[in-house]
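# Results of the structural survey
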Amino acid sequence: MEQPTGELIERLARLERQQADLQRSNRRLRLAAGALTLMAGALIMMAQTSSSAGQTINAQQFVLQDSNGKIRGAMGVLADGSVGLDLDDTSGRARVTLDITADGSPGLDLYDQEGRVRATLALGPHGTPGLGLYDATGRLRTALDVPAARTPGIAFYHADGKPAWGAP
């Protein structure tokens, strides 16, 4: 029952080739299974993300804080019905405010480093536009507006607040 050495070596070589083939097939199967698992996970994550994108958050006020917990801005609705957005600098001073008053008049104010208003852009209750430019003390120095239909106006003011020039 003994097999000659040549046949035994041949059989061992054939078994080694089959084992190598099985190892390659096993490696391909594991790679394919891993890729399918990753794709399935990605599809599940995309499905969850797209379904949550339509969610709504309701609140009367939102407060923005930096990484140190310092308030840097706020958006909210006041009891009188006005709505506002305030953005603050790193010192906590308001630098930009955007609001709509209770009567529906929108306005935008820009502030300097000391917290004084330096520019205002607004619409009055009847839609009349106005632009105001202020000096470092907070006094109005230039105004541009349209107070009546087709009647634009411009005015310049002295440092003491008295009119310097205006038209019409």
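Residues numbered from 1 in each chain as written. Predicted model: local features only at pLDDT ≥ 70, side-chain atom pairs only at ≥ 80, totals over all residues. Heavy atoms only, no water.

### Some remarks on the overall build of the chain
- The helix and strand inventory of the chain stands at 1 helix and 10 strands.
- Mapped in sequence order, the helices and strands of the chain form the string α-β-β-β-β-β-β-β-β-β-β.
- For a compact globule of 168 residues, the expected C-alpha radius of gyration is about 15 Å, and the chain comes in at 37 Å, more than 25% above that figure.
- Counting only contacts in the chain whose residues sit at least 6 apart along the sequence, the fraction spanning at least 24 positions is 1%.
- Surface accessibility of the chain: about 12,900 Å² in total, with carbon and sulfur atoms responsible for 61%.
- Positive and negative side-chain charges of the chain, numbering 17 and 18 respectively, have mean locations separated by a distance of 6 Å. (Helix = DSSP H or I, 4+ residues; strand = E, 2+ residues; numbered from the N terminus. Rg over C-alpha atoms; globule rule 2.2 N^0.38 Å. Contact = heavy atoms within 4.5 Å. Areas by Shrake-Rupley, 256 points an atom, 1.4 Å probe, with all protein chains shown as cover. Lys, Arg positive; Asp, Glu negative; His and termini not counted. Charge placed at Lys NZ, Arg CZ, Asp CG, Glu CD.)

### Things to note about the pattern of salt bridges
- Going through the model one piece at a time under the given rule, you end up with 4 salt bridges.
- One salt bridge connects D89 with R95, and the closest N-O pair in it is separated by 3.6 Å.
- Given a relative accessible area of 14%, D89 falls into the buried group.
- Accessibility expressed as a relative area gives 26% for R95, which makes it partly exposed.
- A single network of salt bridges, built from pairs that share partners, joins D112, R116 and R118. (Salt bridge = Lys/Arg side-chain N within 4 Å of Asp/Glu carboxyl O. Buried < 20%, exposed > 50% of the residue type's maximum accessible area, 1.4 Å probe, protein only.)

### Overview of the confidence of the model for the chain
- For the chain, per-residue confidence averages 85 on the pLDDT scale, and residues scoring 70 or more make up 92% of the total.
- Averaged pLDDT values for the elements of the chain fall to 77 in helix α1 (residues 5-52) and rise to 95 in strand β5 (residues 106-111). (pLDDT = per-residue confidence, 0-100.)

### Brief notes about the packing of aromatic side chains
- Taken as a whole and judged by the stated rule, the model has 1 aromatic pair.
- For the pair F156 and W165, a centre-to-centre distance of 5.9 Å together with 35 degrees between the ring planes defines the contact as tilted. (Phe/Tyr/Trp six-rings, centres within 6.5 Å; stacked < 30°, edge-to-face > 60°.)

### Re the side chain of D109
- Along the chain, the position of D109 falls in strand β5.
- Buried D109, no salt bridge; nearest opposite-charge side chain is R118, N-O distance 12 Å.
- Side-chain polar atoms of D109 contact the side chain of T120, separated by 3.0 Å.
- When near neighbours in sequence (up to four residues on either side) are disregarded, D109 contacts R95, V96, T97, V117, A119 and T120. (Polar contact = N/O pair within 3.5 Å; in protein donor to acceptor, adjacent residues only side chain to side chain.)

### What about the environment of G132?
- Tracing the sequence through the fold places G132 in strand β7 (residues 129-134).
- If we skip the residues at most four places from it in the chain, G132 touches R118, A119, T120, L140 and T142.

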